Amino acid sequence: MSPLESALFGTDPWWITVIKVVVLFVILLMWTLFNVWFERRVLGRMQNRLGPIMNTAFIRGMGQAIGDGIKLIFKEVVTPKGADKIVFYLAPVISGIACFTSWAVIPLGGEVSMFGHQTRLQITDVPVAALFILSIAGIGIYGIVLAGWSSASTYSLLGSLRSSAQMISYEVAMGLSLAAVFMFSGSMATSDIVAAQAHPLVFGGFNSHIPGHYWLLLLPSFVIYVITMFGESNRTPFDMSECEQELVSGYSTEYSGFPYGMYYLAEYINMATLSAVCTTLFLGGYGAPWPFNLIGFLDSGWFGLVWFFLKTQLVIFFFVWVRASIPRITYETLMGLGWKVLIPVSLVWVLLLAFWRTAGAQGWLASPVFVGAVVVIVLGLIAFIMFGGSQEEPPEPEPVVFDAFAGGYPVPPMPGQTLPDSYDIVHSETAEAAPAGAAAGPPGEDAGPTATPKGAN
């Protein structure tokens with residue numbers, strides 16, 4: 001019987017449900033303070049900065065995070081002139097509520113005894129819990145879009161448009177990566193998905209006792225989900241909606257005080273939420289990893305909380321590691337990666353996976369003819385990818401004179417366009433070195449760059 005069918009959900013006394021909600025809310029707040037210190041310390045260690053490294057967790061590190069929160073609470077809130085005040089203050093509330101809501105269906109542990117009642121360490125579960133998480137993420141986008149629209153600021157509007165386009169694009173690839181998980185587990189309930197990953201891997205009748213976590217069985221889906229996490233959370237290298245070099249602070253430019261603090265809180269809780277979803281759907285959830293799963297008491301009861309938070313914190317560490325290692329990419333690269341790479345690869349992977357499972361269910365894999373045909377097709381695709389003919393690149397077109405002020409507002413030229421003032425500028429190229437033994441030129445003659453008019457080559 002699956003955890004969803006065990007009838008534990010919805011049978012808890014109301015006061016146990018209230019305790020779960022309050023404790024989870026407090027855990028998320030305290031965890032956010034810890035992650036702020038954790039990120040500063042890890043970045044300081046990776047970038048060899050002494051200040052954050054010297055901050056201990058419970059003396060100066062957590063004190064700085066708590067001080068930042070208190071400062072934002074009591075700081076003056078400034079409303080921009082011309083802003084829609086109702087929508088301006090409603091937007092951060094939407095983002096703040098959405099970042100907490102997804103945790104209602106994320107299992108933190110298995111079945112335990114709480115004050116004499118058998119319950120699960122999960123507030124509730126529904127047959128479409130994974131889709132519920134995706135839908136809540138879509139609602140959170142409204143908090144960003146409304147923030148940019150209501151701020152009466154060009155920077156804020158551009159940042160919100162970037163963020164909405166980015167998050168919608170990467171949600172498509174994320175949903176396709178989760179479709180493979182639904183096919184393998186046979187359920188969209190988060191508790192059932194965790195239980196399905198507890199089944200051991202069997203090789204030719206040999207029980208390995210290694211849990212069948214989907215990060216291994218569905219490696220392409222796992223890689224795609226990890227990439228889309230950064231697009232969903234607007235974290236480096238995909239933080240194009242608030243890049244300071246272009247948009248000051250993006251959609252939150254005009255916010256200050258407590259409303260800005262809600263966006264700050266939502267960012268870190270969203271990072272924890274995406275990490276928790278990754279743990280639940282791909283890393284086995286609260287289940288103990290091998291070989292600890294062979295020890296009964298380490299893979300049951302309250303120990304599930306330990307394994308869940310350890311796995312989730314490792315994913316958060318990966319977030320911080322990427323931020324310290326990879327620079328921000330350009331916006332066209334970001335959108336091209338989502339629409340031209342992740343979505344097509346996800347579609348092909350889901351189709352191949354569905355075809356393979358159908359072949360196994362119909363008994364086609366036992367046919368030598370079918371297996372031979374599949375091998376031939378795969379080898380043909382590999383040969384085409386590796387040795388397929390490549391078309392010659394067309395010659396570069398002549399530069400087109402571009403008037404940056406034609407629309408009344410200066411804009412930079414696109415590739416292939418040249419500003420009128422720089423069209424006749426000469427370009428230099430280094431002269432080839434004289435062969436050994438050649439006669440030297442007259443004294444004082446420079447053998448350096450030779451100026452040639454543009455297009456002379």
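Presented here is an overview of the structure given in this document. Bear in mind the structure is a predicted one, so any value in this text is a computation, not a measurement.

1. A short note on helix H11 (residues 257-282)
Between its first and last C-alpha atoms H11 spans 38 Å; for 26 residues at 1.5 Å apiece the expected length is 38 Å, and the two agree. Burial analysis of H11 places 20 of its 26 residues in the buried class, which makes it a mostly covered element. A positive phi of about 85° marks Gly284, the residue just after H11.

2. Brief notes about the packing of aromatic side chains
All told, the structure shown has 27 aromatic pairs when counted by the stated rule. Relative to Tyr214, the ring of Phe184 lies with its centre 5.9 Å away and its plane at 75°, an arrangement referred to as edge-to-face. Of the two residues, Phe184 sits in helix H6 (residues 154-185) while Tyr214 sits in helix H8 (residues 214-217), which places them 30 residues apart along the sequence. Phe184 gets classed as partly exposed once you look at its relative accessible area, which sits at 27%. Through pairs of rings, three or more aromatic residues link up here, namely Phe34, Trp37, Phe38, Phe230, Phe317, Phe318, Phe319 and Trp321. Lying across the ring of Tyr331, Arg162 places its NZ or CZ 5.2 Å from the centre. Sitting above the plane of the Phe184 ring, Arg357 keeps its charged end 4.8 Å from the centroid.

3. Describing unusual backbone geometry
At the junction of Trp290 and Pro291, the peptide bond is cis and its omega measures out at 5° in the coordinates. Topologically, Pro291 is positioned in the loop between H11 and helix H12 (303-325). Here Phe115, not a glycine, exhibits a phi torsion of approximately 55°, which is positive. Inspection of the secondary structure assignment puts Phe115 in the loop between strand E1 (111-114) and strand E2 (117-120). In this model, Asn234 sits at a positive phi of 55°, which is unusual for a non-glycine residue. For Asn234, the location among the structural elements is in the loop between helix H9 (219-233) and helix H10 (244-247). Of the residues examined, Asn234 reaches a relative accessible area of 5% and is grouped as buried.

4. Some remarks on the environment of Ser346
Within the secondary structure, Ser346 sits in helix H13 (residues 331-362). Residues Ser346 and Met174, 172 residues apart in the sequence, show an inter-C-alpha distance of 8.7 Å. Setting aside residues no more than four positions away along its own chain, Ser346 makes contact with Ala173, Leu176 and Ile224. Polar side-chain contacts of Ser346 include one of 2.7 Å to the backbone oxygen of Leu342.

5. Overview of the packing of helix H4 (residues 85-101) against H11
Where H4 contacts H11, the axes come no closer than 9 Å and their chain directions differ by 25°. In this view, H4 runs roughly parallel relative to H11, as classed from their interaxial angle. Note on packing geometry: the crossing formed by H4 with H11 is left-handed. Only Pro259, Met262, Tyr263, Leu265, Ala266, Ile269, Asn270 and Thr273 of H11 make contact with H4, whose side of the interface consists of Tyr89, Ala91, Pro92, Val93, Ser95, Gly96, Cys99 and Phe100. Of the residues assigned to the contact of H4 with H11, the class counts are twelve nonpolar, four polar and no charged.

Calculation rules
Starting afresh in each chain, residues are numbered from 1 along the sequence in its written order. Reporting of local features is limited, given that this is a predicted model, to residues whose pLDDT is at least 70; pairs of side-chain atoms are given and counted only at 80 or more, and all residues count toward the totals for whole chains, interfaces and linings. Derived side-chain values reflect all non-hydrogen atoms in the structure, with water molecules and hydrogen atoms excluded from consideration. Numbering of helices and strands runs from the N terminus; a helix is a DSSP stretch of H or I covering at least four residues, while a strand is a stretch of E covering at least two. Expected span of a helix, by definition, is 1.5 Å for each gap between consecutive residues, and there is one gap fewer than residues. Each residue's exposure class comes from its accessible area (1.4 Å probe, protein chains only) as a fraction of the maximum for that residue type: buried when under 20%, exposed when over 50%, partly exposed otherwise. Stacked, edge-to-face and tilted labels apply to pairs of Phe, Tyr and Trp rings (six-membered ring for Trp) whose centres lie within 6.5 Å, assigned for plane angles under 30 degrees, over 60, and everything in between, in that order. Over a ring means this: the NZ of a Lys or the CZ of an Arg is within 6 Å of the ring centre and within 35 degrees of the ring normal. What makes two residues a contact is simply this: any of their non-hydrogen atoms within 4.5 Å. Each polar contact in these results corresponds to two N or O atoms within 3.5 Å; when the atoms are within protein, one needs to be able to donate a hydrogen and the other to accept it, and residues that are neighboring in sequence are counted only if both atoms are side-chain atoms. Angles shown run from 0 to 180 degrees and are taken between the N-to-C directions of axes, each axis being a line fitted to C-alpha atoms and, for helices, limited to the stretch in contact. Any angle between 65 and 115 degrees counts as roughly perpendicular, while under 35 counts as roughly parallel, over 145 as roughly antiparallel, and the rest as oblique. Left-handed describes a crossing in which the near helix is turned anticlockwise from the far one by less than a right angle; the clockwise case is right-handed. All amino acids are sorted into three groups, where Ala, Val, Leu, Ile, Met, Phe, Trp, Tyr, Cys and Pro are nonpolar, Asp, Glu, Lys and Arg are charged, and the leftover types, Gly among them, are polar.

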